Amino acid sequence: MQNLNRFVSFSLPNTFSPLLPHPSASRIFSFPAPFHSASAGAKQLLAQFSMDGIQGIGAHNKSSVDFASSDSAKRPPVWSSSPNFGPKTDIGKQIFCNRPLNMKNIVAVGFDMDYTLAQYIPETFESLAYQRTVEKLVYDLDYPSELLTWSFDSSYMVRGLVLDKKRGNILKMDRHKYVKVAYHGFKELSKEDKVETYGNTLVHDSFDGPDYALIDTLFSLAEAYLFAQLVDFKDRNPGNIPEHVDYARLNKDVRDAVDLCHRDGTLKQKVALDPRRYINEDTSIVPMLKMLRDSGRATFLVTNSLWDYTNVVMNFLCGSSRANESTQFDWLKYFDIVITGSAKPSFFLEENRANLFEVDPESGMLLNTDNGSPMAQVGSISPKVLKKEKDCTRKVFQGGSVGHLHNLLSIESSSQVLYVGDHIYGDILRSKKVLGWRTMLVVPELEKEVKLLWELRDARKGLQHLRSKRDHIEDEMHYLNESLRLKNPDEDTKQKLNLKLDKLKLERERVRLSHREAQRKLHQKFHEPWGQLMKTGYQNSRFAHQVERFACLYTSHVSNLALFSSDKYYRPSEDFMQHEFSILES
C-alpha cells in the first residue's frame, strides 16, 4: 500500500486532565502517513512513553495509540503538546511561558550542568555540602567542636529568601520588596517586629546591598540553614562565640568555609566516586538531546565546573557511568561545543577578555587557541595530543567568553539562542538582560507546587470568597458611618444604624479571623515556615517576580523539553490589569 493511503488512528478514552476540557466522549483522529517519519531521538522518546507510563518522563493518560504500520521504527513522535492525540503531560511537567518563543527561530540550545542537566539529591548532596562546611568551620576557622554534632534538614529552606547578614534574619518578601515572613535564626518575628525593623524607614530598602545575601540557588540552601543555626547558637550561648563575631561575620565565615570545600575539591571528589548516590538519574536527557540535534539545532554546554568533574557527571547522565577508555567521552557526541570553567556570570559580559583554551579530553591538558581556532603549539607536546589535533574536531574548551561561543557556533543573532539554566542570576538574568538570549529557568520545586495548587484550588477560592465578603462588609460599614455623619438622622434611626454597625463589626471580625486561619493553613500546606514558592500572601513573591522578568520559559525539569515538539511555538496567556478582572469575570 502506498504511504499516502496509510493513516494513523488515535482512540482517546473519556479521561480528564486538569489542563484540558473534559471530553464528552471518546474520539478518533486520523492523520496521513507522512506523519510517520521520525528522528532517532523521537523514536527513543516514543519508546519511553510506552515504557514509563504514569511515572515516566511525562505522567500522562494511557490513551491507546493504533498505528496502521507494524514497523515500529517508522512510528511518529507522540508530543504531549498535542492535546487531541497522544499522551497528556502531567501538570507538574508543563513548560510555562512568560513571553512568546517560537522554537523554529532557535538555531542553538545551550545548557548549564549543575542543577540543570544534573539534578542533585538534597538528602545526600546538600547534606554532604553541609557536613563538609561544618568541618571547615571547626577545623579551619576554630569554631566550637559542638557544631560537629549538628544535623541538616534539607526541606527547611527554600529559594528566593534573603539573608539579612547584619541582623541575623532570614526574609521572604513580595514582588514589591515588602517583608512578609521573617525569622531571626529559627524564631519567627512578630508582625510588630517586622514593621519596626523593615517598615519604618523613609527610604524603602532595596535589599540588594552588601548587608544582604540572596538564596537564589539550590546549593545555597545548606549555607542558609547553617547560618540560621549559628545565629541561634550565638544567641543562646554567648560565651561560646567571641563577642567580636557578629551575625555578618558568621555569614562570612560560612561563605569562606564553602569556598574552602570547593577549592580543595572534597565535595566533587566524593560525588565522582559514587555519582548515583548524589545525582538523580534522568533517562530522558539523552533522547531530548538527540531530538534537538536531529531537528538541525546545535547544542552546547556551558558550565563553571572544570573538565574532570564535568566528564564524570555527564558520563553518568548519558548512561556511561561505568565508562572505559573507549566510551568515556561518548557523551560528547550529543554536543557541538562544551565550555568548562566558564566563570559565569562574567562569561556573558561582552567586555570579558578571558582567554579560551582547548581541552584535550584524555589528558585534561589545556592548549592555546586563537579565539577557538587552532594555534601552532610551541615546545614538546604529547604525540597522542598531536594525533588528536589532526583526527578530531575541537569541541571541548575552558574559559573564554560568549563572543568565543558565538564564533564557534556561527551565531548571527543572540535571539537565535535558547539557554537553559537553574540560577536566576548566574544563568538567566545575565544571558537575558545583557545578551538578549532566550532563556528557560529550571525550577525543580515547581513540580510539587503546581500539583498542590491544583489540589488546593477550592481552598484558594474559599479564601477569595472570604476576602470579598470582608470587603463587602467594610463597604457597608463605611456607608452607614457616612449616613450617620452627613444625614443627621433622628435618635431612633441613629440607634438602629449604630446597632447595625455593631453587628457588622462582629461579622467583620469573624470573617477576618476565619480568613487568617484559612490562609495560615494554606500557607503551611505548601511549606510550613515559608509557604508557597511563587506567592507571598496575595502577591507574587520576589522570586516569582524575577522568574517572570528574566525567564522566557520555566519548568520543573530540563527533560520536559522532550515532551513537546522541537518546533513548538510557546505562547503566554493574555496579560490582565486589575481593572479587567471584574469585567471579564462578570
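Report follows, based on the coordinates. Values in this document were obtained by computation on a predicted structure and should not be read as measured data.

Points about the nonpolar core
Counting 92 residues, the largest nonpolar core has Phe-111, Leu-117, Met-157 and Phe-335 as the members making the most contacts within it. Residue contributions to this core peak at 10 residues, all from helix H4 (residues 220-236). Leave out the neighbours within four places in its chain, and Leu-117 touches Phe-111, Asp-112, Ile-285, Met-288, Leu-301, Met-314, Leu-317, Phe-335 and Val-558. Core analysis: the next-biggest nonpolar cluster, separate from the first, contains 18 residues, Val-302, Ile-339, Val-402 and Tyr-419 among them.

What about helix H5 (residues 247-264)?
Here H5 spans 26 Å end to end across 18 residues, near enough to the 26 Å set by a 1.5 Å rise per residue. Regarding H5, the residues found buried are Tyr-247, Leu-250, Asn-251, Asp-253, Val-254, Ala-257, Val-258 and Cys-261. Projected onto a plane normal to the axis of H5, the buried residues spread over an arc of 160° and lie on a single side. Immediately downstream of H5, the backbone of Gly-265 shows phi near 75°, a positive value.

Some remarks on the pattern of salt bridges
Within the structure shown, the criterion is met by 28 salt bridges. Salt-bridge contacts for Glu-474 lead to Arg-470; the nearest nitrogen and oxygen are separated by 3.6 Å. Linking Glu-474 with Arg-470, this pair stays in helix H14 (residues 457-486), spanning 4 residues, or about one helical turn. For Arg-470, a relative accessible area of 28% corresponds to the partly exposed category. Across the pair Lys-496 and Asp-492 runs a salt bridge, and its minimum N-O distance is 3.7 Å. Here the residue Lys-496 and the residue Asp-492 both occupy positions in helix H15 (residues 491-526), the gap between them amounting to 4 residues, near one helical turn. Its relative accessible area of 55% is what places Lys-496 among the exposed residues. Relative accessible area serves as the criterion here: at 46%, Asp-492 is assigned to the partly exposed category. Counted as one network, the salt bridges with shared partners bring together Asp-90, Lys-93, Glu-447 and Lys-451.

Basis of the calculations
Residues numbered from 1 in each chain as written. Predicted model: local features only at pLDDT ≥ 70, side-chain atom pairs only at ≥ 80, totals over all residues. Heavy atoms only, no water. Core = buried A, V, L, I, M, F, W, Y, C linked by side-chain atoms within 4.5 Å. Buried < 20%, exposed > 50% of the residue type's maximum accessible area, 1.4 Å probe, protein only. Helix = DSSP H or I, 4+ residues; strand = E, 2+ residues; numbered from the N terminus. Contact = heavy atoms within 4.5 Å. Expected span 1.5 Å × (residues − 1). Arc of directions from axis to C-beta. Salt bridge = Lys/Arg side-chain N within 4 Å of Asp/Glu carboxyl O.

The values reported here are purely geometric and, on their own, carry no functional implication.
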